[in-house]
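Examining the three-dimensional arrangement
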Amino acid sequence: MRAVAVVPGEREVRLVDHPEPELLAPTHVALRIREVGVCGTDREIAAGKHGEPPEDAPYLVLGHEALGEVVEVGTSVTRLKRGDLVVPTVRRPCRDRRCRACGMGRPDFCETGAFTQRGIRKAHGYLAERVVDEQRYMVPVPAELREVAVLAQPLSVAQAAVRQIEDLQRRLPWAEDPDGTSTRPPAHVALVIGAGPVGVLAALALRVRGYETFLHSREARGRKSALVESFGVRWSSGREETIEALARRAGPVDVMIEASGASPSAFEALPALGANGVFVFTGIPGRRGPVPRELANVMPGIVLGNQAVLGVTNPSADAYRAAVADLALFARRWPTLLPQLVTSRRPFTEAREVLGGSARGLKEVLTVA
């Protein structure tokens, strides 16, 4: 079968003849891949920045944001049937029996670091005509979400951030008084840094949860900012104002989600976080800039302001299920706007051109079948 792969060290994206996977266990499910979303991680792997093929393979099949259709199921599969649409998860558990997280089916909290990630690290991805995996790694998608289901993977990262934000906010003394009947009403101001798919989808997730949401980007105003503002999210361009100025305008910021992968911008934003606030990193610094060495100017605020700073990564199936639920909510609330987040669809035979070029719009998609 055909698949799109990259050979480590050669920095070349190829259409390869890949062995067609078969059902080898009663809990296996076979998918016909319909489409795969393209993100910055895919482009970095294609450029040789990172990415590891399986130990027994000379190349890595790309793609980790996928929508597939079930075409065959094992004898023990009970939740899925032929014709169902699903989004597969990315991260797989390590094999160390001492790892409590992976033993509980939560490789996003892996303690050994020996996890694998399909299309990224030591496991082939989804940019192929057929894929086989365990039922537990596949999340059903209603047929009515077919056109936007490929957004579930980046939205799952935002969902992991939102979930941990909600957990941390329960530590606040007024958490048991959400309506503010006996204390001051809770503040609901959120700032998302970065206007990529994770950033925009995180902003929408916060918006539907009642936050007054701001999105700060280095990009100038244009078609993307107009689309984002159509959802009721306030756009802030770094070409017009600093994050500090935005924070003064927005008022105390309760939640910040960093989705740019640019560490200097993220650390510059930390002082603008309000008292008792939560800051979540979702991006990993790459070629965009060095990590600041001196953080003394932000540490007092974190400590004295009782703030929480944490990171999230490719999450478990629960976050994917939450992402699908939110996509359904978005579709009801913004039925004409939501499909516009998918900028383009091109056949996967054009993967080299798409992966080798700069990102265009919000989410580019490669169609497989």
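These figures come from a predicted structure and were not determined experimentally.

1. Here's the deal with the overall build of the protein
A tally of helices and strands in the protein yields 10 helices and 19 strands. Counting the 369 residues in the protein, one finds 53% classified as buried. Within the protein, contacts between residues separated by at least 24 positions form 69% of all contacts whose residues are at least 6 apart in sequence. Total accessible area on the protein stands at roughly 17200 Å², and carbon and sulfur atoms take up 50% of it.

2. Thoughts on the sheet that holds strand 7 (residues 91-92)
One open sheet accounts for 3 strands, arranged 7-8-9; its pairing is mixed. Of all the strands in the sheet, the pair left with one neighbour each is strand 7 and strand 9 (122-123). Looking at chain direction, strand 7 and strand 8 (residues 116-118) are connected through 2 bridges and run antiparallel. Across the sheet, residue Arg91 finds its bridge partner in strand 8, namely Gln117.

3. Re the nonpolar core
Judged by nonpolar contacts, the single largest core of 86 residues is most densely connected at Val87, Leu127, Ile257, Phe330 and Leu341. At 9 residues, helix 4 (residues 197-208) tops the list of elements feeding residues into this core. In this structure Leu341 touches Leu151, Val200, Leu201, Leu204, Leu227, Phe231, Leu362 and Lys363, once residues within four positions along its chain are discounted. Formed by 18 residues, the second largest nonpolar core is a distinct cluster that contains Val189, Ile193, Ala266 and Phe267.

Each value, and the rule that gives it
- Residues numbered from 1 in each chain as written.
- Predicted model: local features only at pLDDT ≥ 70, side-chain atom pairs only at ≥ 80, totals over all residues.
- Heavy atoms only, no water.
- Helix = DSSP H or I, 4+ residues; strand = E, 2+ residues; numbered from the N terminus.
- Buried < 20%, exposed > 50% of the residue type's maximum accessible area, 1.4 Å probe, protein only.
- Contact = heavy atoms within 4.5 Å.
- Areas by Shrake-Rupley, 256 points an atom, 1.4 Å probe, with all protein chains shown as cover.
- Pairing = 2+ DSSP bridges.
- Core = buried A, V, L, I, M, F, W, Y, C linked by side-chain atoms within 4.5 Å.

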